[in-house]
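Chains, contacts and geometry: an overview
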Amino acid sequence: MTVRTRFAPSPTGYLHIGGARTALFNYLFARHNRGQFVLRIEDTDAARSTGESLNAILEGMLWLDLKWDEGPYYQSKRLGLYREAAAQLLEKNLAYRCWCAPEELEERRKLALKENRPPRYDGRCRTRPAQPAQPFAVRFRVPPGKTFFNDMIKGGISFEHAELEDLVLLRSDSTPTYNLCVVVDDAAMRITHVIRGDDHIANTPKQILLYEALGGTVPSFAHLPMILGSDKTRLSKRHGATSVMAYKEMGYLPHALVNYLARLGWSSGDEEIFGMNELIEKFSLENVGKSSGVFNPEKLLWLNHHYIKTTPAGELKPLLLQHLKTLGVDAARDERCEAIISTLRERAKTLKEMAEASLFYFREKISYEEKAAKKFLTHEILEPLKLLSKKLKKVEPFSEDNVKKAFDEVLEETGLKLGELAQPVRVALTGGTVSPGIFEMIAALGKEKTIERIEESLTPAAAWSSPRPGKEE
RNA sequence: GGUCCCAUCGUCUAGAGGCCCAGGACGCGGCCCUCUCAAGGCCAAAACACGGGUUCGAAUCCCGUUGGGACCGCCA
């Protein structure tokens, strides 16, 4: 039997970290077993479902490269199926009509909670005579007994039916509810493995009972542990960004998130770095842990940096371009991009950081940080800078090695140490004291801009080099 | 309140009775390298929640305690 998994989000918000991991594990399990991965949109709550959310979820999955084989299926387009199933259950007396008013139910629940009683429906309509002309909901008649299932992650779990309430299958407006839809669809779509968050454990016995009532094959279940925030409560906006797409905006590589999410709850020995194919090859539910995990942004950041360091510059370029664009720089036609990326990848943990750090390469005019200029653009350095400029003009090709040679000559002739020359040059070229290695940076900046900026620095250098009090030469 | 789930360094985890006075990774601290910042290399601190069993032997199995979490909707 081919393995079929599904990811079934409800379009009531963006794709969040937890949902993304559920989707990923379903994807990996299906791929690993050469099965199919189905996408189903659970939009039976018309009031809360939006097209915007739907797009956000699809966008998130595509960004993470979690491609589905089938769907998306929309539950809102399958309402007839669910009603049919409910009618069938009604017919077999496995379900019954309930005339209780929702408000009344709500009141009873609140009262029960207040009195510390289980807030469960008491089943009073099981035996109630028909109330013609009254709107009714359809409830499942939970049979007596006990349900056991063997969770692929958590192991054996069983529930006494006495703990289950007669759940609503069809609302009084005849729209179906979650548990019914899930079971009907998972059966119809021949889902073999239901992999979802462990907040669904309590739903599982109800769903198993429904499968049995409807004569469907019960799939295998695997309940993933929750992802928690730093305070060990369920991950939410309070803990920072939870939207997958927010990570794109922050300059994360999609695969860094995938790798991080995979390792949150799953492991393969001591390994930390996994490409997508490697994940597919190595993923198995046996290696998924049972306990919930805390989302650790620092580790994600480390992974992101790892992938920034190892992804070819050519692949990084279009991504960097996007971030530069939001900073108002259009570098699409700039041929230096790949060289620039190479100088920055070791020191930028996100693409956003890289874009910001690369700004000096693209600016027409740079401005000096006051402190930096004051400290390094001094009288004494004027001549060496002139000399350097002169030497650099002759450098051809303008490669890192050749630039270094020009520097060596200047150092030789002036007796300066590299540090004494490099920092002023750095300020002259970038405006600040922090940048990539001086030679690689100069080569990436390009001959024209380098010489232009050094010469430009010669003027203000004289003006700003007023010696500090007591240090008069 | 009831039911269910979970429990190894701060965090993610390895560990499927002896290989473990517990290994890796992130982060943190130190040192080295060094033209700045990084990156890199090396070193260090840091955990089997507790109590009972079972066993020649337990982080690993069982029970209990404690602590965390989830669920208890005509939401999904």
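Structure's up top.
A few points on the structure. In this convention, every chain numbers its residues from 1, walking through the sequence in written order. Each chain is given a letter, starting from A, and each ligand a number, starting from 1, according to the order in which they appear as written. Note on the predicted model: pLDDT of at least 70 is required for a residue's local features to be given, and 80 or more for side-chain atom pairs to be given and counted; whole-chain, interface and lining totals, by contrast, use all residues. Excluding hydrogens and water, the side-chain figures rest on all heavy atoms present in the structure.

This next bit is on the protein's contact with RNA strand B. To be near a molecule or strand, a residue needs just one of its heavy atoms within 4 Å of it. Close contacts around RNA strand B come from 67 residues, with Cys100, Arg171, Arg347, Arg426 and Ser435 the closest. Counting only atoms of RNA strand B within 4 Å of the protein, the sugar-phosphate share comes to 73%. Separating a base oxygen of RNA strand B from a backbone N or O atom of Ser172 is a distance of 2.8 Å. We call two N or O atoms a polar contact when they sit within 3.5 Å, provided that within protein one can donate a hydrogen and the other can accept it, with sequence-adjacent residues counted only if both atoms are side-chain atoms. Within the contact set of RNA strand B, a phosphate oxygen lies 2.8 Å away from a side-chain nitrogen or oxygen of Ser267. Of all the secondary structure elements, the ones that give two or more residues to the surface near RNA strand B are α4 (102–114), β5 (137–140), β7 (155–160), β12 (293–294), α10 (297–310), α17 (418–430) and α18 (438–445). Under the scheme applied, nonpolar residues are Ala, Val, Leu, Ile, Met, Phe, Trp, Tyr, Cys and Pro; charged residues are Asp, Glu, Lys and Arg; polar residues are all the others, including Gly. Looking at the surface near RNA strand B residue by residue, the classes come out as 21 nonpolar, 23 polar and 23 charged. Secondary structure is summarised from DSSP: a helix means a run of H or I of at least four residues, a strand means a run of E of at least two, and numbering begins at the N terminus for each.

Right, let's get into unusual backbone geometry. Pro72 follows Gly71 through a cis peptide bond whose omega is 5°. Across the junction of Glu396 and Pro397, the peptide omega takes the value -10°, indicating a cis bond. Looking at the element boundaries, Pro397 is found in the loop between α15 (379–393) and α16 (400–414). Look at Ser174: it is not a glycine, yet its phi comes out positive at around 70°. Looking at where Ser174 falls in the secondary structure, it is placed in the loop between β8 (168–170) and α5 (178–188).

Looking now at helix α8 (residues 254–263). Burial classification: accessible surface area is computed with a 1.4 Å probe over protein chains only, and a residue below 20% of its type maximum counts as buried, one above 50% as exposed, and the rest as partly exposed. Counting buried positions along α8 yields eight of 10 residues, so the element is predominantly enclosed. Of all the residues in α8, the buried ones are His255, Ala256, Leu257, Val258, Asn259, Tyr260, Leu261 and Ala262. Of the residues trailing α8, Gly265 is marked for its positive phi of about 115°.

The next point concerns the sheet that holds strand β4 (residues 95–98). When DSSP finds two or more bridges between two strands, those strands count as paired. Read across the sheet, three strands follow the order β4-β5-β8 without closing on themselves; strand pairing throughout is antiparallel. Since the sheet does not close on itself, it has two edges, and those belong to β4 and β8, each with one partner. Ignoring which end each strand starts from, the neighbouring axes of this sheet average 45° apart. Axis definition: a line fitted to C-alpha atoms, limited for helices to the stretch in contact. Angles are taken between N-to-C directions and run from 0 to 180 degrees.

For the rest of this paragraph, the subject is the sheet that holds strand β1 (residues 4–7). The strand order β1-β2-β3 describes an open sheet built from three strands, whose pairing is parallel. The sheet terminates laterally at β1 and β3 (70–74), the two strands that pair on one side only. Strand-to-strand twist of the sheet, defined as the mean angle between neighbouring strand axes without regard to direction, takes the value 25°. Inspection of the sheet shows β1 paired to strand β2 (residues 36–41) by four bridges, in the parallel sense. By the bridge assignment, Phe7 is partnered in β2 with Leu39. The criterion used for residue contact is that any of the two residues' heavy atoms lie within 4.5 Å. Lying on the sheet, helix α2 (residues 51–63) is in contact with β1, β2 and β3; it crosses β2 at an angle near 160°.

This part takes up the pattern of salt bridges. The rule for a salt bridge is simple: a side-chain nitrogen of Lys or Arg has to be within 4 Å of a carboxyl oxygen of Asp or Glu. For the coordinates displayed, the defined rule picks out 30 salt bridges. In this structure, Asp199 engages Arg234 in a salt bridge whose closest nitrogen and oxygen atoms are separated by 3.1 Å. One end of the pair, Asp199, is in the loop between β9 (193–197) and α6 (204–214); the other, Arg234, is in the loop between β11 (227–228) and α7 (244–249), with 35 residues separating them in the sequence. Across the salt bridge formed by Glu383 and Lys386, the nearest N and O atoms sit 3.4 Å from each other. With Glu383 and Lys386 both in helix α15 and three residues apart, the pair spans about one turn of that helix. The structure contains a network of salt bridges with shared partners spanning Arg6, Arg40, Glu42, Arg78, Asp185 and Asp186.

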